[in-house]
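Coordinate inspection notes
Here is how the chains run, residue by residue.
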Amino acid sequence: RIGSLSLAGHYSANACLLPICSLYGMAVTTVEGVGSTRTRIHPVQERLAKCHGSQCGFCTPGMVMSIYTLLRNHPEPTYEQMTAALAGNLCRCTGYRPILDACKTFCKDSVCCQSKANGKCCLDQEEDLFDRKEKESASLFSPDEFQPLDPTQEFIFPPELMRMAENQPKRTLVFHGERMMWISPVTLDELQDLKAAHPKAPLVVGNTGVGPDMKFKGVFHPIVIAPARIPDLNVVKCMSDGLTIGAACSLSLMKDVLRNAILELPEEKTKIFYAVLQQLRTLGGEQIRNVASLGGNIISRKSTSDLNPILAAGNCMLNLVSQGGKRWIPLSDIFANGVGNDAIMPEEVLVSVRIPYSRKGEYISAFRQAPRRENALPIISAGMRVLFEEGTDKIKDLSVFYGGAASTTVCAKQTCQTLIGRYWNEQMLDEASRLVLNEIVLPDSAWDGKVEYKKILIVSFFYKFFLEVLQSLKTMDPCRYPGIPMEYESVLENFQTKMPQSIQIYQNVELSQSPQDPVGRPIMHQSGIKHATGEAVYIDDIPSVDGELFLAVVTSSRAHAKIVSVDASEALKEPGVFDIITANDVPATNEFHYSDDPEIIFVICVGQIVCAVAADSYAHAKQAAAKVKIEYEALEPVILTIEDAIKHNSFFEPKRKLEHGDVDKAFETVDRILEGEIRIGGQEHFYMETQSVLAVPKGEDKEMDVFVSTQHPAFIQEMVAASLGVPANRIMCHVKRVGGAFGGKLLKAGLLASVASVAANKTNRAVRLILSRGDDMLITGGRHPFIGKYKVGFMNDGRIRAVDVKYYINGGCTPDESVLVAEVSLLKMDNAYNIPNLRCLACACKTNLPSNTAFRGFGFPQSGLVTETWITEVAEKTGLSPEKVREINMYKEDEQTHFKQKLDPQNLIRCWNECMEKSAYYSRKTAIKEFNKQNYWKKKGIAIVPMKFPFGLGSRYLSQAAALVHIYTDGSVLLTHGGIELGQGIHTKMIQVASRELNIPMSYIHFCETSTTTVPNACASVGSAGTDVNGMAVKDACQTLLKRLQPIINENPKGNWNDWIKEAFEQSVSLSATGYFRGYDANMDWEKGEGQPFTYFLYGTACSEVEINCLTGDHKNLRTDIVMDIGCSINPAVDIGQIEGAFVQGIGLYTMEELQYSSEGVLRTRGPDQYKIPAVCDIPEQFNVSLLSSSQNPYAIYSSKGLGEAGLFLGCSVFFALRDAITCVRNERGLKKTFALNSPLTAEQIRAACTDDFTKMVIGSLLFSSIWQIP
Ligand SMILES: Cc1cc2nc3c(=O)[nH]c(=O)nc-3n(C[C@H](O)[C@H](O)[C@H](O)COP(=O)(O)OP(=O)(O)OC[C@H]3O[C@@H](n4cnc5c(N)ncnc54)[C@H](O)[C@@H]3O)c2cc1C
Ligand code: FES
């Protein structure tokens, strides 16, 4: 049951925003209640796991709950319902495809994409792909294994709650907390009395407005009033003049009500309903809409409301009551003089909202553009309505409202009044555009800095409304109104999220392979089921230890300053506070690792940890931390950008350079030279599990258990031991699994583990430190922003002869691995191309931003993008196609890289050719050309990008690995190794290796945890190398054991595993062995610029197609085909999952994820509200991945290749497809051929590049300058 409804139904909700008190009378189902391995797993859990829908597993319970809820309400949902149900869930690992595969098994729609865009639907294409090779497989799971979904087996609503709802008289409920009181009345009279008595108390319905303010902005309300149980606030009535909807009705209910009304009433009457419904479809996610109320959205008067502009434009009325009486006011009144006007008294309550029917001659539309199409607050939203004089196109009444432009919804009142009496034609449009731009004044620094973009959206939306109305007029009277040109029509349709279709192709194992041998098969993730049932344990799931304390960190608010004083006296008085931990409490070493900079006395970035508060709960610790006062003395200079760093000569040394051939001479002989620059923004790891540590002192010999979410336990052990001044043998570091890392849980985790351990050491208590998302984003840094400056010499036939390129990377305040990132960016910058004369230089800039760190791809995604940019520009200059220039310059036969490492590019060329063929590149390119000719405001683009991804860690010692295998006398095997489970399925693969080597089923083998107590000095799980190196070690250990067992097996060949183990024990044969891998030989001489830093190369190619909306900058990813050479896959399900997940993370990097800083260096994007990672709506509608067949790799285990990082770079195929679409727009409009596009190529950048009259009206033809982005 849900408070605002009297119906029994199932609703998903976000636990973090749902007040417990609001659940009175309801039954709550959590993932544990859906199913468990101890009782019965639910089909949703089973299918998610078996379809490989979990990697790190941290998002999986959320996915389960969204799907489960939908199935409880609709046992056979449509694809549309399914994608809508998942719109509010985020996954950082999988790329969503396997999750959607699991979802599809419940849907009733056919599996066909219904699209015949190329004359073929997905099924036809699938057939084509299958026809080719018998040995290939396209199924990663087998649906025959799934238990059926039987709705009769589900839990029923608890009868006692049902009885309670039916029989018990409703009375006011009051809950008292430590600091707060929750009052839930049941009649309007009571509510009025309460409101009169406590005018400042908020009315809380969904808590999606009040909750975030309390959680993140420090707002505190001692009393809240919850009106959801009052019938008057839950009415839904069809009246003669419109629809009345109670203020406490959820937005989901409102959606259903409007949808039904549209179906039942004549179209003419429901135009407002239709427009409101359109906004509701993308407002928040289903979890938000299920609890958020109509009244809450209206009364909050947030600038970002999607509803207020359209409800105001639609002449909706508000029904208000207070002790003083009842009144109706137009909704637009509450925006009359900006925010905080007195249209509603503090003691007034909104009871209901009247949405009127539309009239004849009335047209109404709603618009929005957000950083992500779904589940993102709008940048600009708008509601527009026009009423014509009967039978004409003469404006009788016009209403235009915008959200996102000012601190609340604003009305273009003057504009509308001036236009009354005008006819709906181009003169009116021209005048309206100028008037509206004049009237809607945006503050110079909107919070998100998108002032110019917002202005352009303001006029673009009006233009779209103009077109829509013209088209509607035509429908009304085609003889009088010609409508809009055909090529304009497509812009009237918004991009929709469709259920993506996909194909995955991999090579089957040989028929001769034993059925028990799991290597090469798509085995489910070892923890898949536990991910789906919520049983998988992450750090914060570890039960609390007696006397445990929680830590909240206090961070610097200055980018560069001296700390004059830290005053914790107020904090110490807060309830539950145990102690304050400062630098003085560090018993031994206290400095950033690899750094000479002293910590604490000076702060060198905003977000640097200054001290920490230990308290008996997280809430208490956080409350007290806010009371710590720090006095600073400002220091100069404050260096934030790369330009600042260059100006102040602020770099981390050494700078690196590689030179090959004679660059200067080559420049003299080339036909042409181009020069340019590209800026690439940083990226937040956004692992779902934030940084987490639990440090437990063991009470003797200074021993401490440290449970930590890290990629590098040995480093944590070293850091903690150094901080505490104890030998490493006292620190036991344990990692069961990590909820995503992507490079971010390497060095930064060490710093946080030290903080927690110092606190545990001082207090002699267990200490838990779980960073909030905001703190995590603020403190831990991310991918390095880059600026690439290039000069390229080329011949008219497309051959590139000389390249001179400089990379400046923003390292932040401490070195971390910035110099290494710079090195790797140089070593991989050639990507797939043989450039005979090449000079490249990389400098890591030292700035006052939080220190940046390792991130999947480690510099290559940035330097590779620079390379592909100049390749594309050469194509533009020569008039050749980008794919031709790529082909001309690609490595062709046995060749050498720019640092003289040999490579055989055969598989690079195979990937390229196969991708060309599988994607039907040329025929689609022709179709796109045709589409673009027929569509003016929408354009498609396509790009195909090759990739060479060198594998290697640079030094032998960094790729050493060890394993430990025990066989117990019952035959079961406990396996461990130095690798960390980050979601990449390493333990699953290691069990596959051990199963093959020991020739026993996987079910005999268990993996418990990675620990410094079992495998010492293990290298970090980084650089795609985990499986390669640990696989070798596991193989070695298993072979040692098998060697010992061999005589026993020989003696009793007909015996089984258990017989042999029993016998071995009786013969005193050791049943435990370590395995070791010394690492790959690697070297690099930076003085000479030569070496063999890499072990082997992976290859791949991606082809992506996109469609852009030139009016808004929005885009849709239509199709991606990837062909990857990863050798012989050990587990195709895991490997394809890695490719897809990395690719989607790449889409995020290159097209969406935007970090914004204030001019003082404060990161503003500190949560999912402001920082958008790809969601279901962002993955390509058609997403195909093929693994290159018959590829061998003599250097890695079972001929596989390490592939965790490679796929990320291929996300840039979307960037270049967007560029292709923009190029088409610019060519058509006769604009300058050369133009710069930076990364991320957001809607804002796309809109700016599609220069038209509207952009000229706002900014001339220049590209936007995003004031908050700091490369
Ligand atoms: C993750 C997330 C995504 C979101 N995305 C969007 C989006 O895309 N577009 C969009 O428009 N909005 C979005 N929102 C905002 C959301 O729609 C509103 O917060 C929600 O509608 C408010 O309703 P509520 O019941 O949760 O309000 P509450 O938080 O319960 O209350 C909000 C305010 O309204 C007042 N109030 C509530 N009911 C009444 C009443 N009957 N009479 C007088 N005052 C009342 C309260 O006093 C309080 O001040 C999002 C919110 C979240 C958390
Ligand atoms: S599996 Fe979804 S976030 Fe890791």
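Residues numbered from 1 in each chain as written. Chains lettered and ligands numbered in written order. Predicted model: local features only at pLDDT ≥ 70, side-chain atom pairs only at ≥ 80, totals over all residues. Heavy atoms only, no water.

Some points on the side chain of H712
As a reminder of what qualifies: Here a strand is any run of E in DSSP of at least two residues, a helix any run of H or I of at least four, and the numbering for each starts at the N terminus. Burial status follows relative accessibility: with a 1.4 Å probe on protein chains alone, a residue under 20% of its type maximum counts as buried, one over 50% as exposed, and anything between as partly exposed. Residue contacts are defined here by distance: any two heavy atoms, one from each residue, within 4.5 Å place the two residues in contact.
Counting through the fold element by element, H712 comes out in the loop between β24 (704-708) and α23 (713-724). On the basis of relative accessible area, H712 is assigned to the buried category, the value being 16%. Dropping the residues within four chain positions of it, H712 is found in contact with K745, L746, A1018, C1019 and A1020.

A few points about the site of ligand 1
Convention followed: Whether a residue is near a molecule or strand is decided by its heavy atoms; if any one of them lies within 4 Å of it, the residue is near. Pairing of N or O atoms within 3.5 Å defines a polar contact, subject to two protein rules: one partner must be a possible hydrogen donor and the other a possible acceptor, and residues neighboring in sequence count only if both atoms are side-chain atoms. Each accessible area is a Shrake-Rupley estimate made with a 1.4 Å probe; only the visible protein chains count as cover when residues are assessed.
Within the structure, ligand 1 sits among 31 residues, and V205, G206, T208, S293 and D306 are positioned closest to it. The backbone of V210 places a nitrogen or oxygen atom 2.8 Å from an oxygen atom of ligand 1. Within the side chain of N297, one N or O atom sits 2.9 Å away from an oxygen atom of ligand 1. For ligand 1, the protein covers 88% of the area, taking 970 Å² as the surface of the free molecule. Looking at the shell around ligand 1, the elements that each hand over two or more residues are α13 (294-300) and β9 (349-356). When residues in the shell around ligand 1 are grouped by element, the largest group, 5 residues, is from α13.

A short note on the UniProt feature "binding site: [2Fe-2S] cluster 2" (unreviewed entry) in the protein chain
The condition is simple: UniProt positions are given in the numbering used here, feature names are shortened, and annotations may be inferred rather than shown by experiment.
Mapped onto this numbering, the UniProt entry annotates "binding site: [2Fe-2S] cluster 2" (unreviewed entry) at C56, C59, C91 and C93. On the basis of their most widely separated C-alpha atoms, the annotated residues across 38 residues gather in one place, lying no more than 9.4 Å apart. Structurally, the position occupied by C56 is in the loop between α2 (43-50) and α3 (60-73). Classification of C56 by relative accessible area gives buried; the value is 4%. Excluding residues within four positions of it along the chain, C56 makes contact with C93, H531, Y538, V738, G739, G740, L982 and G983. Structurally, the position occupied by C59 is in the loop between α2 and α3. Given a relative accessible area of 11%, C59 falls into the buried group. Not counting the four nearest positions on each side in its chain, C59 is found in contact with L90, C91 and M688.

Digging into empty space enclosed by the protein
If a probe as big as a water molecule is rolled over the atoms, it shows which places are left empty. Short version of the rule: Points on a 1 Å grid, built from protein atoms alone, make a cavity when a 1.4 Å probe fits but cannot get out and make a pocket when they are open with protein on both sides within 12 Å along at least 5 of 7 lines; residues with an atom within 4 Å of a point are the lining residues. Grid points are joined across faces, edges and corners, and a volume is the space filled by probe spheres set on the points. Polar here means any residue outside two lists: the nonpolar Ala, Val, Leu, Ile, Met, Phe, Trp, Tyr, Cys and Pro, and the charged Asp, Glu, Lys and Arg; Gly therefore counts as polar.
According to the stated counting rule, one finds 10 cavities of 30 Å³ or more in the structure shown. Quantified by volume, the second largest cavity comes out at close to 100 Å³. If you trace the second largest cavity, you find it lined by H52, S54, Q55, R97, P98, M524, H525, G983, A1133, V1134 and G1137. At the level of elements, α5 (97-104) and α34 (1132-1152) are the ones that each hand at least two residues to the lining of the second largest cavity. Considering each element in turn, the lining of the second largest cavity owes the most residues, 3 residues, to α34. Class assignment of the residues belonging to the lining of the second largest cavity gives a composition of 4 nonpolar, 6 polar and 1 charged.

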